[in-house]
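Close look at the chain arrangement
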Amino acid sequence: MKILSVEQLGFRYNSVEVLSDISFSVDAGDYIGLVGPNGSGKTTVIKIILGLLQQEKGSVTLFGTDSSAFRDRQRIGYLPQKPTHFNPHFPATVKEIVSLGLFSKQRFPKRITKDDQALIYDAMAMAEVLDISDALIGELSGGQQQRVLVARAVVNKPELLILDEPTTALDPEAREHFFKVLYELNRRENVTVILITHDIASIGKYASKLLYLDKKVVFYGSFEDFCLSENMTQYFGEFTQHLICHRHD
Amino acid sequence: MIDMDIVTALQYEFIRRAFIAGSFIALVCSILGVLLVLRRLSLIGDGLAHVTFGSVAIALLLRQHPAIVAIPIVMLSSLGILKLMQKARLYGDAAIGIVSSIGIAAGILIAARSGGFNVDLFSFLFGNILAISNAEVITSIALSIVVLSVIILFYNEHFSTTFDEEFARVSGINVQKINALLVLLTGITVVLTMKVVGIMLTSALLILPAVTALQIAKSFKHTMLLSSLTGVASVIIGIYASLVLNLPTGATIVMVNFFFFVIAFLLRHVVQKKRRSIRPGLPEL
């Protein structure tokens, strides 16, 4: 089943071309590692998919519906690079922040029900933040804050989870733990994952497909195909290709 | 100093009216204030108060009730601030500054041209809640209930948008509408506060209870509750203190609010010191 289909996407910031003729599709259960150099358009693609930016050309289809008409927001979980209004003195508890993820499935007026409380509990348990559920977000370490935002992203039990460089603020141990949690979600709950990352050495261990962007699609396919591709050897050089293909601990 | 206990004070109808209207308005200001402070729009109250000054000048010129003229003008101006931020790519403070200065300039020009009502106009600068009429009390209560109801109905949308606007948009919340709602409600509230503390001190009722609550709150809901309690208590204590000490009411209310802020600020530092002595290395809150 196709979860996402992107067709001939084009986008410009002012007059600078950021994306050109981007096409790819994502099947249910895929774990896509979205990589590319800085300024390659990774975050822009994600923002267009999420409806935060309007494409100049092309189309995006989510769960069979054109993105402009897509309303089932609860089917998508999102973990942004950094929250726009996040300030360390914001007076919200972990539990309150996780509950924010539920509002995408609710119609007016948005209220937390008893069933929702169970979902919040499950999400906090999964992200291992239950013991700090009443703590203010500003009291937590970077790793803990990130786990809270993961819980917020998955509280709705989304079918598609989009994460934009979620591990940049984490130490290596927390990063490894984070990747494992994501892997479990993908394998056990069949959550489709699109993960933007610069961590090309780790992504091969978990992702099933690689999407390499550099304003256009340089490569999209399985890791096996990537690693066997002579074109990719020429494009990246043997060392980088080996680094990406290295899939062992 | 006047020797009068609060029970005696409550026997006077004008004092009861002041307590009731002041409490409702303070409640609305305190709740809106939390959202405005967290969105770094604290000074919108100040800016819209200046527009209220211009609107009152127009009302006096047209011989109409100030609130009837001021409410639509201030609501339109609040939307104008939002549009300037979105369309002219201005930061909030610059957009507020533009609308604010136009408001006050209009007031001065109208007062200069018309003559004769300068005294009336300047009485609005400092407010006088003790002179509030029955009709004004009813209007204040009715408008406060409308504003409170809308905030309660859209509470979670406001919370989500205030914490993380981008995530709120991804969740399908119409952030533009929520922002418009917030500034429109602020516009109505600012006009209501002009009688309590006057145009000059309006922003204090919006900002001070919120920042007091933020010093010691343990959750977002707790912040709203604490801010409301602080705002209402400041108005009641302020009115009573101004009567007993024979001081201007609006300014006394603001100073009581500030007193609460200082207490909360000191309390936070004492608690923090205690926490650090028990668990060294805790982050500063």
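Residues numbered from 1 in each chain as written. Chains lettered and ligands numbered in written order. Predicted model: local features only at pLDDT ≥ 70, side-chain atom pairs only at ≥ 80, totals over all residues.

1. A closer look at the overall build of chain A
What counts is decided by this rule: Working definition: helices are DSSP H or I runs of at least four residues, strands are E runs of at least two. Numbering for both runs from the N terminus. C-alpha atoms define the radius of gyration in this analysis, and the globule rule sets the expected value at 2.2 Å times the number of residues to the power 0.38.
The secondary structure content of chain A amounts to 9 helices and 10 strands. The C-alpha radius of gyration of chain A comes to 18 Å, within 12% of the 18 Å expected for a compact globule of 249 residues. Projected onto the principal axes, the alpha-carbon positions of chain A cover approximately 55 × 40 × 35 Å.

2. Observations concerning the overall build of chain B
Using the following cut-off: Note on burial: count the other C-beta atoms lying within 10 Å of the residue's C-beta; 20 or more is buried, 12 or fewer is exposed, in between is partly exposed, and C-beta positions come from the backbone. Contact criterion: two residues are in contact if their C-beta atoms, reconstructed from the backbone, are within 7 Å.
When its secondary structure is counted, chain B shows 13 helices and 0 strands. Overall size of chain B, expressed as C-alpha extent along the three principal axes, is 65 × 55 × 30 Å. Burial analysis of chain B (285 residues in total) assigns 49% to the buried set. Sequence separation of at least 24 residues holds for 75% of the intrachain contacts in chain B that already meet a minimum separation of 6.

3. What about the interface of chain B and chain A?
With 24 residues of chain B at the interface, the matching set in chain A holds 25 residues. Every element with two or more residues in the side of chain B that touches chain A is listed here: helix H8 (155-163), helix H9 (165-170) and helix H12 (220-245) of chain B.

4. Side note on the sheet that holds strand S9 (residues 209-213) of chain A
Residues and elements named next belong to chain A. Inclusion rule: Here a strand pair is declared whenever DSSP counts at least two bridges between the two strands. All axes are obtained by fitting lines to C-alpha atoms, using only the stretch in contact for helices, and the reported angles, taken between N-to-C directions, cover 0 to 180 degrees.
Taken in spatial order, the 6 strands line up as S6-S7-S8-S3-S9-S10 in an open sheet, and their pairing is mixed. Each edge of the open sheet carries a strand with a single partner, namely strand S6 (76-79) and strand S10 (217-222). Ignoring strand direction, the axes of neighbouring strands in this sheet form an average angle of 10°. One ladder, built from 4 bridges, connects S6 with strand S7 (residues 160-164); its direction is parallel. Paired with Leu79 across the strands is Leu163, a residue of S7. Strand contacts of helix H4 (residues 142-154): S6 and S7, with the helix running at about 165° to S6, the strand carrying the most contacts.

5. Considerations on the sheet that holds strand S4 (residues 57-62) of chain A
All names here are of chain A. Read from one edge to the other, the open sheet built from 4 strands follows the order S2-S1-S4-S5, with strand pairing classed as antiparallel. Both outer strands of the open sheet, strand S2 (16-27) and strand S5 (65-66), are each paired with one neighbouring strand and no more. Two elements, S4 and S5, share 2 bridges in a ladder whose sense is antiparallel. Bridge pairing links Thr61 to Asp66 in S5. On top of the sheet, helix H1 (residues 42-50) reaches strand S1 (2-13), S2 and S4; it is set at about 120° to S1, its chief contact.

6. What to know about helix H3 (residues 114-126) of chain A
Residues and elements named next belong to chain A. The condition that has to hold: What a helix is expected to span follows from its residue count: subtract one and scale by 1.5 Å.
If you check H3, its first and last C-alpha atoms are 19 Å apart, about what 13 residues at 1.5 Å a residue would give, namely 18 Å. The secondary structure elements touched by the buried residues of H3 are helix H2 (94-99) and H4. Following H3 by one or two positions, Glu128 has its phi on the positive side, about 60°.

7. A look at the pairing of S7 of chain A
Within a regular strand, side chains alternate between the sheet's two faces. Residue and element names in this part refer to chain A. With 5 of its 5 residues buried, S7 lies for the most part within the structure. On S7, burial covers both faces: Leu160, Ile162 and Asp164 on one face and Leu161 and Leu163 on the other are all buried. As paired strands, S7 and strand S8 (residues 192-196) are joined by 5 bridges and run parallel to one another. Opposite Asp164, over in S8, you have Ile196 as the bridge partner.

8. Regarding the packing of helix H2 (residues 13-38) of chain B against helix H7 (residues 134-153) of chain B
Residues and elements named next belong to chain B. How we decide: Angle categories: roughly parallel below 35 degrees, roughly antiparallel above 145, roughly perpendicular from 65 to 115, and oblique for all the rest. For any pair of crossing helices, the crossing counts as left-handed if the nearer helix is rotated counterclockwise from the farther one by less than a right angle, and right-handed if it is rotated clockwise.
Direction vectors running N to C along H2 and H7 enclose 25°, while the axes themselves pass 9 Å from each other. Comparing their axes, H7 and H2 come out roughly parallel. Here the hand of the crossing between H2 and H7 comes out left-handed. Listed contacts from H7 to Arg17, Ile20, Ala21, Phe24, Ile25, Leu27, Val28 and Ile31 of H2 are Asn134, Glu136, Val137, Ser140, Ile141, Ser144, Val147, Leu148 and Ile151.

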